Amino acid sequence: MLLKDKVALITGASRGMGAAIAREFLRNGATVVVCGSREESALKAVEELKKEDESFKVYGKWPDLSSPEEVSKTVEEVVKEFGKLDIMVNNAGVSEKTPTLEVDPNLFKKVIDLNVNSVFYGCQAAARVMKEQGQGVIINTSSMVSKNGQPSGVAYPASKFAVNGLTISLARELGQYGIRVNAVAPGVMNTDMVKSLPEAMIQPLVQAIPMKRMGEPVDVAMVCVFLASDLASYVSGDIIHVDGGMTV
Ligand SMILES: NC(=O)c1ccc[n+]([C@@H]2O[C@H](COP(=O)([O-])OP(=O)(O)OC[C@H]3O[C@@H](n4cnc5c(N)ncnc54)[C@H](O)[C@@H]3O)[C@@H](O)[C@H]2O)c1
């Protein structure tokens, strides 16, 4: 029970890694608000999580993450409903593989809007209440592509390098208020995001992983539990790679 009595808000938690993070937080005693892009998906995620344990304190919200006002309002609602916000996980993200010469500027903007701007809105809204509280933990989801980029789909690594920049800088700015800011950088993970890629693209990726397997969402969720807990009380400004040792 590493997160007993903690209150957490997780974006992109209707499936994939966000849902796994929600599950492990609940198993560790936290109250968890899961955000999905739609009411239906958020409430479905709550229902799924409650199947494991009816007593799990899990609730759904579906803010428009492109709106700083809505993100702020959601954080304020959490504080009103549950008394505080201890942990903010900015996890929602979208992947992109289009070759640069074919990229419509609107596609580039769409990736940056969700993967960078909404992460900033989440960090800012959480930091406002965490500063008042004198404590809090922010975890952002980066990616292994923030090490060396990727050969096609430049918006995605550009967005994740930006997430690292936000994370490291905010750790420096917010540490004085008792707020720790870190990121997890997953490798090739077994979620819808990767399953949607052609098999011919997935197999060479798996072969390039020293551990010769894709990561499971729970692999990342466990690192998030650590980062959110007091076990990591002096860890801030770090990008923790969870990628089976992958170097490309
Ligand atoms: N799957 C991987 O291999 C991998 C690797 C590295 C990093 N990541 C990152 O991990 C995070 C989660 O990815 P995943 O693999 O679980 O993806 P996923 O596609 O399974 O889930 C993405 C989540 O983000 C939410 N989302 C997507 N667009 C949204 C929008 N416009 N507004 C609000 N919510 C939206 C979805 O509802 C969903 O809950 C992302 O930030 C992604 O970039 C994934």
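Let me sum up the structure you'll find in this document. In this text, all values refer to a predicted model and were calculated from it rather than measured experimentally. (Residues numbered from 1 in each chain as written. Predicted model: local features only at pLDDT ≥ 70, side-chain atom pairs only at ≥ 80, totals over all residues.)

**Concerning the overall build of the protein chain**
(1) Moving on: Summing up its helical and strand segments, the protein chain has nine helices and seven strands in all.
(2) Moving on: At 17 Å, the protein chain has a C-alpha radius of gyration in line with the 18 Å of a compact globule built from 248 residues.
(3) Moving on: On the principal axes, the C-alpha backbone points of the protein chain span a range of 50 × 35 × 35 Å.
(4) Moving on: Of the contacts made within the protein chain by residues no fewer than 6 positions apart, 72% connect residues no fewer than 24 positions apart. (Helix = DSSP H or I, 4+ residues; strand = E, 2+ residues; numbered from the N terminus. Rg over C-alpha atoms; globule rule 2.2 N^0.38 Å. Contact = placed C-beta atoms within 7 Å.)

**Things to note about the site of the ligand**
(1) Moving on: Around the ligand there are 26 residues in total, and Gly 12, Gly 16, Gly 93, Thr 191 and Met 193 lie nearest to it.
(2) Moving on: Looking at the shell around the ligand, the elements with two or more residues in it are α1 (16-27) and α7 (192-195). (Near = placed C-beta within 6 Å.)

**A word on the pairing of strand β6 (residues 179-186)**
(1) Moving on: Buried residues dominate β6, accounting for eight of its eight residues.
(2) Moving on: By the bridge criterion, four bridges tie β6 to strand β7 (residues 239-242) in an arrangement that is parallel. Pairing of Ala 183 across the sheet is with Ile 239, part of β7. (Buried ≥ 20, exposed ≤ 12 C-beta atoms within 10 Å, placed from the backbone. Pairing = 2+ DSSP bridges.)

**Topic: the sheet that holds β7**
(1) Moving on: Taken together, the seven strands give an open sheet; going across it, the order is β3-β2-β1-β4-β5-β6-β7, and neighbouring strands pair in parallel fashion. Both outer strands of the open sheet, β3 (58-61) and β7, are each paired with one neighbouring strand and no more. Direction aside, the axes of adjacent strands within the sheet are offset by 20° on average.
(2) Moving on: With respect to the sheet, helix α2 (residues 39-52) is in contact with β2 (31-35) and β3, its orientation differing from that of β3 by roughly 170°.
(3) Moving on: Contacts from helix α6 (residues 155-174) reach β5 (136-141), β6 and β7 within the one sheet, and its direction differs from that of β6 by about 160°. (Axes fitted to C-alpha atoms, helices over the stretch in contact; angles between N-to-C directions.)

**A few points about the nonpolar core**
(1) Moving on: Ranked by internal contacts, the top residues of the largest apolar core, which has 68 residues, are Ala 8, Ile 10, Ile 21, Ala 22, Val 32, Val 34 and Cys 224.
(2) Moving on: Looking at this core element by element, the count peaks at nine residues for helix α4 (residues 105-133).
(3) Moving on: Not counting residues up to four positions away in its chain, the partners in contact with Ile 10 are Gly 18, Ile 21, Ala 22, Val 32, Val 34, Cys 35, Val 89 and Asn 91. (Core = buried A, V, L, I, M, F, W, Y, C linked by C-beta atoms within 7 Å.)

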